[in-house]
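Given next are the chains, with one letter for each unit.
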Amino acid sequence: MDTQEKIRQTVTDNAVVLFMKGTPTFPQCGFSAKAVSILKAVDVTFASVNVLADDEIRQGIKEYANWPTIPQLYIKGEFVGGSDIMSELYQNGELQKLVADLQA
């Protein structure tokens, strides 16, 4: 299975997935930490992928969504955005609507 197929499978097999630097318990950058705290605030269970553990995934995820930065959030197979977009969606209540049927 190639990198793009691995990413596609991860995104489709998990209702909410965050590609991030580090792990939810030990984020390796401020943007990833911010993304994790937002997902915790909306009380949704999410899968995470540590892009620092796999250079192919780290580069491949940027190509997958044509988005240059990490973290990247996917909900129900759709790319949502990075931490700034997540923050904006959270503040205006849209993120809560996106995950309403998935909340823990």
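Placed above this text is the structure.
Residues numbered from 1 in each chain as written. Predicted model: local features only at pLDDT ≥ 70, side-chain atom pairs only at ≥ 80, totals over all residues. Heavy atoms only, no water.

Brief notes about the packing of aromatic side chains
Filter applied, for reference: Classification of ring pairs uses Phe, Tyr and Trp, with its six-membered ring standing for Trp, and accepts pairs whose centres are within 6.5 Å; under 30 degrees between planes counts as stacked, over 60 as edge-to-face, and the remaining range as tilted.
Throughout the structure, instances matching the rule amount to four aromatic pairs. Following the ring pairs from residue to residue traces out a cluster consisting of Phe 19, Tyr 64, Trp 67, Tyr 74 and Phe 79.

Remarks on the sheet that holds strand 1 (residues 16–20)
For clarity, the threshold we go by: Strands are labelled as partners when DSSP assigns at least two bridges between them. The numbering of helices and of strands both runs from the N terminus, where a helix is a DSSP run of H or I of at least 4 residues and a strand a run of E of at least 2. Inter-axis angles, ranging from 0 to 180 degrees, are taken between N-to-C directions of lines fitted to C-alpha atoms, where helices are fitted over the stretch in contact.
Spatially, the four strands line up as an open sheet ordered 4-1-5-6, and their pairing is mixed. On the outer flanks of this sheet lie strand 4 (47–50) and strand 6 (78–81), each paired with one strand and no other. With direction set aside, neighbouring strand axes in the sheet form an average angle of 25 degrees. Looking at chain direction, strand 5 (residues 72–75) and strand 6 are connected through three bridges and run antiparallel.

Quick look at the nonpolar core
In plain terms, the rule: By nonpolar core we mean a set of buried residues, namely Ala, Val, Leu, Ile, Met, Phe, Trp, Tyr and Cys, connected to one another through side-chain atoms within 4.5 Å. To sort residues, take the accessible area from a 1.4 Å probe on protein chains only and compare it with the maximum for the residue type: under 20% means buried, over 50% means exposed, and anything in between is partly exposed. Note on definitions: a residue-residue contact is assigned when non-hydrogen atoms from the two residues lie within 4.5 Å.
Val 16, Leu 18, Leu 39, Leu 73, Ile 75, Met 86 and Leu 95 are the most contacted members of the largest nonpolar core, which has 17 residues in total. Those elements giving two or more residues to this core turn out to be strand 1, helix 2 (30–41), strand 5, helix 4 (83–91) and helix 5 (94–99). Considering each element in turn, this core owes the most residues, four residues, to helix 2. Those residues within four positions of Met 86 in sequence are excluded, and the remaining contacts are Leu 18, Ala 35, Ile 38, Leu 39, Leu 73, Gly 81 and Leu 95.

Topic: the environment of Glu 5
By secondary structure assignment, the location of Glu 5 is in helix 1 (residues 3–13). Each C-alpha atom, one on Glu 5 and one on Tyr 64, is 9.7 Å from the other, the two residues being 59 residues apart in sequence.

Things to note about the side chain of Gln 72
For clarity, the threshold we go by: Whenever two N or O atoms come within 3.5 Å, that pair is a polar contact, provided that in protein one can donate a hydrogen and the other can accept it, and provided that, for residues adjacent in sequence, both atoms are side-chain atoms.
Topologically, Gln 72 is positioned in strand 5. We classify Gln 72 as buried; its relative accessible area is 0%. A distance of 3.1 Å separates the side chain of Gln 72 from the backbone oxygen of Trp 67, its partner in a polar contact. Excluding its chain neighbours within four sequence positions, the residues that come into contact with Gln 72 are Val 17, Leu 18, Phe 19, Ile 61, Lys 62, Ala 65, Trp 67, Phe 79 and Gly 81.

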